[in-house]
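One letter stands for each residue in the lines below.
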Amino acid sequence: MVFSSIPFLYYFLPLMTAVYFLVPGKLKNAALLLGSLLFYAWGEPEYVFLMGLSVLLGYGFGLLVEQYRGRRPGRIFCGISILASLSFLLYFKYTDFFVENVNAVTGLSLPLPGIALPIGISFYTFQIISYTVDVYWGEKAQRNPVTLGAYIAMFPQLIAGPIVKYSHIAARLEKREHSFELTASGIRRFALGLGKKVLLANQFGELCTAFRDAQGKSVLFYWVYALAFALQIYFDFSGYSDMAIGLGRVFGFRFQENFNYPYISASITEFWRRWHISLGSWFREYVYIPLGGNRRGKGRQLFNILAVWMLTGFWHGAAWNFVLWGLLFALLLTLEKLWLLKLLGKSRVLSHIYVLFFVAVSFVIFNGQNTGQALSDLGGLFGAGGIPLVSEEALYQLRNFGMALLLGIVGATPAVKHVTGRIYQKKAGEKALHLMEPLALTALLLVVTAYLVDGSFNPFLYFRF
Amino acid sequence: MHEKMKNKVVCFLTAAIFAAGFLLCLFLPKEKYSYMERRVLAPMPELSGKAVWSGRFMSGFETYAVDAFPFRDAFRRVQALTAAGVFLRKDNHGVYFTGEGYLSTVEYPMNEASLAYASRRFRHICETYLTEENEVYLCVIPDKNCFLARESGHPAMDYEEFERQMAEQADFAEIISVSDLLEKEDYYRTDTHWRQERITDVAGRLAASMGTRISETWEIRDVPADFYGVYYGQAALPVKPDTLRYLTNEALKSYKVYDWQNGKEIPVYDMERAQGRDPYEMFLSGSLSLLTIENPMAEETRELVVFRDSFGSAIAPLLASGYSRVTLVDIRYIQPDRLGNFVDFSGCDVLFLYSTLVLNHSETLK
């Protein structure tokens, strides 16, 4: 089930919240777990058992790791837990990729197993790993399997994150408070995320589809596509994160922020501190630092960066273009660590252009159906194949989606936040905004519903990861 | 309003919206058919263990939930108005609205492979059934984008090139060009089709090119109901309806129309359909694979076979005034290889009369 759908908004969510707020406090986690299992089973009935097994393994290994913490068996149990989680991920996500590559290298024709990817496996696997590793590092293991299940399977962040570390919400899993203030802020955040997804990301998705279907490609059209996809993936994923964070607040949790206006970054290093923050911090804490981080000399640090970014690329998808995408960032981050960062500091404008250029290019690689298409699209950005500079279709789509693109560009910056912040500072402005907010939220929900009823539906991009 | 009060209002208002939505979704009676979209709405899927396990129930329910959503038409209108008014979209799902009140779909670009396929299908018919005694004609009817798209800032095909390519590939037929006789006013504002009362000159040229003459005296009649064409429902915008008009005369009143698909006689203009789901189906009862029009008042015994799409329904009664018998074949609904059982092509004129909309998406031709 996806958040931006009628069944979720008008069937599941009202029922779920009603049940959640009606049951007594000690049953809230159970309600959350049951609701989350139903939410997951809606899209993947058969894989709900795989997730259940993953939760049980995480639970059992958590207890064993705690019991033997500081001793060799503790390390072994922690290792087995990580391997077990990763083996599920490897099997379901990467088997076809490995078979394809074995066939390509050896000339064999081994049949592809065609294993369907369980939705959200990349996210909940990382949460289970974070749990057992946190326990290994000293966090108290969860004794109640329902509570642990509620953490791992919690529907707001189950499918596309943010990747919530156990240590961040362990206390609230045991006891949390609900208030109008927290709930209202959750609703605001959820509605905003829903609007980002349905009103903006889906339109950029339409533009990308129009580009793919177009016969009259041109350099301009390739750049329009690059811009559209960069905006689509941002509003799609950050919209989902907003919805997850908002729902989390409605149910009494405070999840980590996942995006912080990444497109205003002045370096790639800064970009990755603002983009998919929970994934970046997961890799930093559970891969980069355990590998030695920057503590073992420059050479080792660069190797660690390379390893982390290859894994980051590979985490996003079982295809070489994702690896290529990760390697591009590894290269840029390495250059920045060595000397580029100092150079970028000299010109704010050039540094922004540099970031936007490479991010746009990277997402063109990222969105290729395969490496061939990714490289062909890259070529198209620079006029390869003798394509014209401008085409009628490109100009038309620019006019057609011009306002959406403009709103997207403005919305990707903190401009609106700054403006409303300034209005809030004045008494009259604050009153007006307080009055307008409920009306604006209602209007937003109704317009989003209208778009959903009309059938403007696109699955979330990050579901495929 | 204070912060605390605002938070409470936000909570209660949102709860009220979702609760009301939930209750209305559950208890409001469901429509089975959408007149605006001209389609059957998805029913509630069957609930069974097998359907749930396979995911069939869930995917069916998602479609049902959207189709059965309360006040669906009103929400679709809100979407269309938001797209046009807030996002300033030039088209919404491919449908666009011009300042002059015309609705149309973006038909772009020209699909050369589709033109080639259509030509191959026509050639196959000629080679299978026709001899040297048959005169074969081809007429390409430009869709209304030809007159609307460029001036309203939408991409448009090169219609001259379209006709040239069809002519080049259809060397088995004499080309009759009618583009110069048409203008946007000859089409309904809310529908794909042309207006019968404005195409007598087109019918006249076709007849003259085929060596015959059609009646010059026609009475114009209005259908006493608003006509909301196919684009009206797709666009979901508040647009004024059209008035459906038809032509008649004494000869036309004597026509005998036989529907071979359903084995019955039908009227030239079906007034029940004129007020039904798709009023344009009043012309020769809409999408039928094979029908004949007998004209007992014809001045000479001469027969015409028209391979056509829905544009043919309005013009065929006009052409029939110049022939004793007109056979209409729609190869979207009948295999051409079966035609020999039903149609005698001996000595007939044969006209391939197709709109650019069908030729550009000719995968529908059998």
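The rules behind the values
Residues numbered from 1 in each chain as written. Chains lettered and ligands numbered in written order. Predicted model: local features only at pLDDT ≥ 70, side-chain atom pairs only at ≥ 80, totals over all residues. Helix = DSSP H or I, 4+ residues; strand = E, 2+ residues; numbered from the N terminus. Buried ≥ 20, exposed ≤ 12 C-beta atoms within 10 Å, placed from the backbone. Contact = placed C-beta atoms within 7 Å. Rg over C-alpha atoms; globule rule 2.2 N^0.38 Å. Domains from an automatic or database assignment. Nonpolar A, V, L, I, M, F, W, Y, C, P; charged D, E, K, R; others polar. Expected span 1.5 Å × (residues − 1). Pairing = 2+ DSSP bridges. pLDDT = per-residue confidence, 0-100. Axes fitted to C-alpha atoms, helices over the stretch in contact; angles between N-to-C directions. Parallel < 35°, antiparallel > 145°, perpendicular 65-115°, else oblique. Left-handed = near helix turned anticlockwise from the far one by under 90°.

1. Some remarks on the overall build of chain B
(1) Moving on: When you go through chain B residue by residue, the secondary structure sums to 12 helices and 14 strands.
(2) Moving on: For the C-alpha atoms alone, the extent of chain B along its principal axes is close to 85 × 50 × 40 Å.
(3) Moving on: The buried share of chain B, taken over its 366 residues, is 41%.
(4) Moving on: Look at the contacts in chain B between residues 6 or more apart in sequence, and 72% of them connect residues 24 or more apart.

2. Re the overall build of chain A
(1) Moving on: For chain A, the count of helices and strands is 20 helices and zero strands.
(2) Moving on: Here chain A has a C-alpha radius of gyration of 23 Å; the compact-globule value for 465 residues is 23 Å, and the two agree.
(3) Moving on: Across its three principal axes, chain A shows a C-alpha extent of roughly 65 × 65 × 50 Å.
(4) Moving on: Each of the 465 residues in chain A was classed as buried or not, and the buried ones make up 48%.

3. Notes on the domain arrangement of chain B
Residues and elements named next belong to chain B.
(1) Moving on: Domain parsing of chain B yields domain 1 (3-71) and domain 2 (103-364).
(2) Moving on: The centre of domain 1, based on its C-alpha atoms, is set 41 Å off from the matching centre of domain 2.
(3) Moving on: Listed by partner, the interface residues are four residues for domain 1 and four residues for domain 2.
(4) Moving on: Residue classes in the side of domain 1 that touches domain 2 are distributed as two nonpolar, no polar and two charged.

4. Some details on helix α5 (residues 121-136) of chain A
Residues and elements named next belong to chain A.
(1) Moving on: Look at α5: 22 Å from first C-alpha to last across 16 residues, which is about the 22 Å you get at 1.5 Å a residue.
(2) Moving on: Burial of α5 is extensive: 16 of the 16 residues sit out of reach of the surface.
(3) Moving on: Positive phi appears at G138, one or two residues downstream of α5, with a value of about 125°.

5. Regarding the domain arrangement of chain A
All names here are of chain A.
(1) Moving on: Domains assigned within chain A are domain 1 (6-176) and domain 2 (182-266 + 345-453).
(2) Moving on: Here the C-alpha centroids of domain 1 and domain 2 sit 29 Å apart.
(3) Moving on: Contact residues are listed per partner, giving 14 residues for domain 1 and 14 residues for domain 2.
(4) Moving on: Looking at the side of domain 1 that touches domain 2, the elements with two or more residues in it are α1 (6-22), α7 (155-158) and α8 (166-174).
(5) Moving on: Broken down by class, the residue content of the side of domain 1 that touches domain 2 amounts to eight nonpolar, four polar and two charged.

6. Section: the interface of chain B and chain A
(1) Moving on: Listed by partner, the interface residues are 40 residues for chain B and 45 residues for chain A.
(2) Moving on: Broken down by secondary-structure element, the contributors of at least two residues to the side of chain B that touches chain A are α1 (3-27), α2 (49-54), α3 (56-67) and α4 (72-85) of chain B.
(3) Moving on: For the side of chain B that touches chain A, the leading source of residues is α1 of chain B, giving 15 residues.
(4) Moving on: In terms of residue class, the side of chain B that touches chain A is built from 23 nonpolar, eight polar and nine charged.

7. Remarks on the sheet that holds strand β6 (residues 174-175) of chain B
Residue and element names in this part refer to chain B.
(1) Moving on: The strand order β6-β5-β14-β12-β13-β11-β9-β10 describes an open sheet built from eight strands, whose pairing is mixed. Strand pairing shows two members of the sheet lacking a second neighbour, β6 and β10 (264-266), which therefore form its edges.
(2) Moving on: Bridge count for strand β9 (residues 256-259) against strand β11 (residues 290-294) is four bridges, and the pairing is antiparallel. Considered in β11, the bridge of D259 is made with L291.

8. Remarks on the confidence of the model for chain A
Should the pLDDT be low somewhere, the predicted coordinates at that spot are not to be read in detail.
(1) Moving on: With 98% of its residues at a pLDDT of at least 70, chain A reaches an overall mean of 92.
(2) Moving on: α7 of chain A is the least confidently modelled element of chain A, averaging 88 in pLDDT, while helix α18 (residues 402-411) of chain A averages 97, the highest of any element.

9. Quick word on the packing of helix α13 (residues 298-316) of chain A against helix α14 (residues 320-344) of chain A
Residue and element names in this part refer to chain A.
(1) Moving on: Look at α13 against α14: their axes get within 7 Å of each other, and the N-to-C directions meet at 150°. Considering the angle they form, α13 stands roughly antiparallel to α14. In the crossing of α13 with α14, the sense of the turn from one axis to the other is right-handed. Counting all contacts with α13, which are made through L302, I305, L306, W309, M310, T312, G313, F314 and H316, the residues of α14 involved are F322, V323, W325, G326, L327, F329, A330, L333 and T334.
(2) Moving on: Split by residue class, the contact of α13 with α14 holds 13 nonpolar, five polar and no charged.

10. A look at unusual backbone geometry
Residues and elements named next belong to chain B.
(1) Moving on: A cis amide bond links Y108 to the next residue, P109, at an omega of -5°.
(2) Moving on: Of note in this structure, L88 is not a glycine but carries a positive phi near 50°.
(3) Moving on: Within the element layout of this structure, L88 appears in the loop between α4 and β3 (95-97).
(4) Moving on: Of note, the phi angle at H93 is positive, near 55°, even though the residue is not glycine.
(5) Moving on: Within the secondary structure, H93 sits in the loop between α4 and β3.
(6) Moving on: When the 18 C-beta atoms within 10 Å are taken as the criterion, H93 is described as partly exposed.

11. Some thoughts on the packing of helix α10 (residues 219-250) of chain A against helix α16 (residues 371-381) of chain A
Residues and elements named next belong to chain A.
(1) Moving on: The N-to-C vectors of α10 and α16 enclose an angle of 120°; their axes lie 7 Å apart at closest approach. Comparing the axis directions of α10 and α16 gives the class oblique. Listed contacts from α16 to Y222, W223 and A226 of α10 are D377, G380 and L381.
(2) Moving on: Residue composition of the contact of α10 with α16, grouped by class: four nonpolar, one polar and one charged.

12. Things to note about the environment of K140 of chain A
Residue and element names in this part refer to chain A.
(1) Moving on: Here K140 shows up in the loop between α5 and α6 (145-153).
(2) Moving on: Given 13 C-beta atoms within 10 Å, K140 falls into the partly exposed group.
(3) Moving on: With 77 residues separating them in the primary sequence, K140 and L63 have C-alpha atoms 9.0 Å apart.

13. Some points on the confidence of the model for chain B
(1) Moving on: Per-residue confidence for chain B gives a mean pLDDT of 94, with 100% of residues at or over 70.
(2) Moving on: Of the two predicted TM-score estimates for the complex, the pTM is 0.90 and the ipTM is 0.89.

14. Notes on the environment of G379 of chain A
All names here are of chain A.
(1) Moving on: You can see G379 is positioned in helix α16.
(2) Moving on: C-beta crowding within 10 Å serves as the criterion here: with 13 such atoms nearby, G379 is assigned to the partly exposed category.
(3) Moving on: Considering only alpha carbons, one finds G379 and Y222, 157 residues apart in sequence, at a separation of 9.3 Å.
(4) Moving on: Once you skip the residues sitting within four places of it in the chain, G379 turns out to touch A384 and G385.

15. Some thoughts on the environment of R325 of chain B
Residues and elements named next belong to chain B.
(1) Moving on: Relative to the helices and strands, R325 is located in strand β13 (residues 325-329).
(2) Moving on: Expressed as a C-alpha distance, the spacing of R325 and S254, which sit 71 residues apart in the sequence, is 12 Å.
(3) Moving on: Aside from chain neighbours lying at most four places away, what touches R325 is T292, E294 and E303.

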